[in-house]
Amino acid sequence: MKNNPLDFEINLLPIISLLAVCISFLLLTAVWVPLGSLGTSQAIGQQTNEKNSKKELLSIWVQFDSNSSLKIFLRDNDFQNVGNARKVFLKKETVKQDTQSIIDDLVKRHPQIDSAILAPDSTTALNSIIQVMDILKSKQNINVGVSPI
Amino acid sequence: MKSIIRQYETDSLIRQSEMLRPERKVSVLRSLASSPILTPLVDVFAILVIYLLIHSVTPNSITEFDKDMKLPHAVNGKSIDPGFVVQIKNHGLFIDDKRVSKNQLIEKLQAYSDNNKTKGEKSRLTIMTDQGTPFSDLSPLVEECSLHGIEEVQFAVIRSPQS
């Protein structure tokens, strides 16, 4: 068969080799860590929430106690405790489930809860704070804040 | 016009190799073996390379952090929008991998906050630190954010699937 002199065959093997090398390099250097973030809303200066003055809003307070337990209670706009505080021991295996069930119960019984404040102490590890924040973040309409020491 | 069989016969790789060893005769079946179609393979490889290039070049993604740093895990973590990133390692504050003092951090926070105010953008701080870091290391940073008008403080986490 006489080939038309204007036709030529492209040898694809070098292109495939080059692309395979590029893919191998990029796969090795790519970072596959699924980074995310948990955000908190901080009060600035004398910021006040105008809504609070009109509605009876409640906030969940989570107080950490030297890495051994955490106390969960409700407070109203005047920083007065509402109801009883509940305690969860951090060393217990079911700590996450206990915390989740307490928060679910509070949110169900008090739909006017709109914020949550975490009050860790100096020895509280970030992991404990993040676990509680994670549970609170699953509730869509709750703003989470962290209180400095 | 040549028959299809004839056409494939002459284009076959196996048939072409016959040229190196002209004494060997190739059977009809072997002469019908066609060369593999490489075009789709090249297309797939090209798409993979383009995707990986875009993924590696995407801005606003924190990809460099200490390998020894174990970030906490969270199920409800959102996609990260870095803003001002501060790393806390060995009780020290690091910005862009350089250790800074508290005063230097305050200056940079103030400059960042003022810059964003003039642009009308929201200021946010991202804290990257090991999951075992005590809150005593984080508290001054959280306090400075409130004092300098940074409304949103984000903690960098690794998103884990729901258990």
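Read on for an overview of the structure. Bear in mind the structure is a predicted one, so any value in this text is a computation, not a measurement.

### So, the interface of chain B and chain A
The interface is formed by 47 residues belonging to chain B together with 41 residues belonging to chain A. Looking at the side of chain B that touches chain A, the elements with two or more residues in it are α4 (39–57), β2 (78–79), β6 (124–129), α6 (135–147) and β7 (152–159) of chain B. If you tally residues by element for the side of chain B that touches chain A, the top one is α4 of chain B, at ten residues. Considering only residue class, the side of chain B that touches chain A consists of 24 nonpolar, 17 polar and six charged. Pairing analysis gives two bridges linking strand β1 (residues 35–41) of chain A to β2 of chain B, with the strands arranged antiparallel. The residue of β2 of chain B that forms the bridge with Gly36 of chain A is Ser79 of chain B.

### As for α6 of chain B
Over its 13 residues, α6 of chain B extends 18 Å from the first C-alpha to the last, a length consistent with the 18 Å expected when each residue adds 1.5 Å. Those residues of α6 of chain B that are buried are in contact with α4 (126–137) and β6 (143–146) of chain A together with β3 (84–89), β6 and β7 of chain B. The positive-phi residue at the C-terminal boundary of α6 of chain B is Gly149 of chain B, with phi of around 75°.

### Observations regarding unusual backbone geometry
All names here are of chain B. Even without being glycine, His91 reaches a positive phi, approximately 65°. Relative to the helices and strands, His91 resides in the loop between β3 and β4 (92–95). For His91, a count of 9 C-beta atoms within 10 Å corresponds to the exposed category. A positive phi angle, close to 65°, is found at Asp97, a residue other than glycine.

### Considerations on the environment of Lys102 of chain B
Residue and element names in this part refer to chain B. For Lys102, the location among the structural elements is in helix α5 (residues 102–119). Look at Lys102 and you get exposed, because 11 C-beta atoms sit within 10 Å. Between the alpha carbons of Lys102 and Ser139 there is a distance of 12 Å; along the sequence they are 37 residues apart.

### Some remarks on the pairing of β1 of chain A
A large share of β1 of chain A lies buried, amounting to six of its seven residues. In this sheet, β7 of chain B lies alongside β1 of chain A in antiparallel orientation, the contact comprising seven bridges. When the sheet's bridge partners are listed, Ser41 of chain A is paired in β7 of chain B with Glu152 of chain B.

### Re the nonpolar core
Counting 43 residues, the largest nonpolar core has Ile130, Val132 and Met133 of chain A together with Ile127 and Ala156 of chain B as the members making the most contacts within it. Examining the composition of this core, we find that seven residues originate from one element, α4 of chain A, more than from any other. Each residue touching Ile127 of chain B, except ones within four places of it in the same chain, is listed here: Val86, Ile88, Leu138, Leu141, Val153, Phe155 and Ala156 of chain B.

### Quick look at the sheet that holds strand β2 (residues 58–65) of chain A
All names here are of chain A. Reading across the sheet, the five strands line up as β4-β3-β2-β5-β6 and stay open at both edges, with mixed pairing between neighbours. Here the strands that pair on one side only, and so sit at the sheet edges, are β4 (81–89) and β6. Averaged over neighbouring strand pairs, the angle between their axes works out to 20° when direction is ignored. Pairing geometry for β2 and strand β5 (residues 113–119), over six bridges, is parallel. Directly across from Ser59, in β5, lies its bridge partner Ser115. Along the sheet, α4 makes contact with β2, β3 (69–75), β5 and β6, crossing β5 at roughly 175°.

The rules behind each value
Residues numbered from 1 in each chain as written. Chains lettered and ligands numbered in written order. Predicted model: local features only at pLDDT ≥ 70, side-chain atom pairs only at ≥ 80, totals over all residues. Contact = placed C-beta atoms within 7 Å. Helix = DSSP H or I, 4+ residues; strand = E, 2+ residues; numbered from the N terminus. Nonpolar A, V, L, I, M, F, W, Y, C, P; charged D, E, K, R; others polar. Pairing = 2+ DSSP bridges. Expected span 1.5 Å × (residues − 1). Buried ≥ 20, exposed ≤ 12 C-beta atoms within 10 Å, placed from the backbone. Core = buried A, V, L, I, M, F, W, Y, C linked by C-beta atoms within 7 Å. Axes fitted to C-alpha atoms, helices over the stretch in contact; angles between N-to-C directions.

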